[in-house]
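Spelled out, the chains give:
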Amino acid sequence: MTGSSGAPALAILGPGATRLVRELDQLFAGWGVAAGAEEISPPPLYPVTDLEKFDVYDNFPHLAWVAGGLDLDGGDVKPVDGAFAPSGLRETRYGLPHATCYGAYLYHEGTDLSGDILVTLVNRCFRNEDHYGGLRRLASFQMREIVALGSYEHTQQVIARFTERIEAFAEALGLGLTREAASDPFFKNDGARALLAKLSPVKYEFQYGDLAIASVNTHRNFFGERCDIRLPAGEHAFTSCVAFGLERWLAVLSEVHDTDLSAALAAVRGAAAAVGPAPAA
């Protein structure tokens, strides 16, 4: 573990942990591909103008990390006590995402879908938390997502299908996850979607104790409107996503198997074989 000022905010994974995380990621990606998803590769940062479309800086300012260049017009700029002064920085035009699914919507921005589709992608996510806690809560972590775009019915069928798969996989692993409704303010608090979210939860987390290691999320047509993604009839597409926090799965499996990562890897492979591949859409 490493991090600024000694806070355990970042992790360098060793060989055993890396093997387990890759196995998990390949498994979750495989579920998406078997269900008809195509894989895309997003960048680790986006123009601030892109993230602004999604109300990131209205609804999640406390989580935001941004990136900019050094202002060298006045000469060399050096860090002092492990930090650069604001006066040594240029305008910050890039933001670091706190969720992976943004890449799916930006990839399809301005397009007319021929029908319902699935996309899967993995990315580094960044969150400026008020505290960190090892692999359970990191400043930078990996999130695999399976994203549905299309009709509302399609987005809900995907959530239902993968909810069953997550629960079956967790049961095969002996994890005993609970499914809890959670808040996720993609929508401004004064909007009609926010009111609907209060009446009907749009996010469910799968928790091991107090730690969420996966979630399913309904966005209605929020991202379809913001990225002008349309269905064949002309209306804006609906979206939903299934998300897996890979380091959090690693933390839980390491705990359950008393840090024996070889045993955890064998358990993952056995559970994956028990539940089988995801059914095609």
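Up top is the structure.
Before going into details, it helps to say that this report is about the structure given with it.

Along the chain, the position of Ser240 falls in strand 10 (residues 238–245). Classification of Ser240 by relative accessible area gives buried; the value is 1%. Reaching out from Ser240, the side chain makes a polar contact with the backbone oxygen of Thr155 at a distance of 3.0 Å. Once residues within four sequence positions are removed from consideration, Ser240 is found in contact with Ile146, Val147, Ala148, Thr155, Ile159, Asn217, Thr218 and His219.

Before going further, it helps to spend a moment on the sheet that holds strand 10. Taking strand neighbours across the sheet as the criterion, the seven strands line up as 1-5-6-10-9-8-7 in an open arrangement whose pairing is mixed. The open sheet has two edge strands, strand 1 (38–39) and strand 7 (178–182), and neither has a second partner. Sheet topology places strand 9 (residues 211–220) next to strand 10; six bridges connect them, and they run antiparallel. Residue Arg220 lies in a different strand from strand 10, and its bridge partner there is Thr239. Set on the sheet, helix 5 (residues 152–173) makes contact with strand 5 (117–126), strand 6 (140–150), strand 7, strand 8 (203–208), strand 9 and strand 10; between it and strand 10 the angle comes to about 20°.

Turning to its location among the elements, Val77 is positioned in the loop between strand 3 (65–67) and strand 4 (94–96). Overall, Val77 belongs to the buried group, its relative accessible area being 19%. With 38 residues separating them in the primary sequence, Val77 and Gly115 have C-alpha atoms 52 Å apart. Residues in contact with Val77, not counting those within four places in the same chain, are Asp71, Leu72, Phe84 and Gly88.

A full pass over the atoms with the stated rule returns 14 aromatic pairs. Summarising the aromatic geometry, the rings of Phe169 and Trp249 are spaced 5.8 Å apart at their centres and angled 40° between planes, so their arrangement reads as tilted. A residue pair is termed long-range when its members are at least 10 positions apart, and Phe169 in helix 5 and Trp249 in helix 8 (residues 246–256) qualify at 80 residues. Note on accessibility: Phe169 and Trp249 belong to one class, buried. Here a set of aromatic residues connected by ring pairs shows up, and it is made of Phe28, Trp31, Phe169, Phe244 and Trp249. It is Arg165 that lies over the ring of Trp31; its NZ or CZ is 5.4 Å from the centre. Cation over ring: Arg179 sits above Tyr204, and NZ or CZ is 3.9 Å from the ring centre.

What counts, and where the lines are drawn
- Within each chain, residue numbers correspond to sequence positions counted from 1 in written order.
- The model is predicted, so local features are restricted to residues of pLDDT at least 70 and side-chain atom pairs to those at 80 or more, both for listing and for counting; the totals for chains, interfaces and linings are taken over all residues.
- The basis for the side-chain values is all heavy atoms of the structure; hydrogens and waters are excluded.
- In this description a helix means any DSSP run of H or I spanning at least four residues, a strand means any run of E spanning at least two, and both kinds are numbered starting from the N terminus.
- Burial classes: relative accessible area under 20% of the type maximum marks a residue as buried, over 50% as exposed, and values in between as partly exposed (1.4 Å probe, protein chains only).
- Here a polar contact means two N or O atoms within 3.5 Å. Within protein one must be a hydrogen donor candidate and the other an acceptor candidate, and residues neighboring in sequence count only if both atoms are side-chain atoms.
- Note on contacts: a residue pair qualifies if any of its non-hydrogen atoms lie within 4.5 Å across the two residues.
- DSSP bridges decide pairing: two strands pair if at least two such bridges lie between them.
- Fitting a line to C-alpha atoms yields each axis, with helices limited to the stretch in contact; the angle taken between N-to-C directions then spans 0 to 180 degrees.
- The aromatic pairing rule takes the rings of Phe, Tyr and Trp, using the six-membered ring of Trp, and pairs them if the centres are within 6.5 Å, calling planes under 30 degrees apart stacked, those over 60 edge-to-face and the rest tilted.
- Two limits define a charge over a ring: the Lys NZ or Arg CZ must be within 6 Å of the ring centre, and within 35 degrees of the ring normal.

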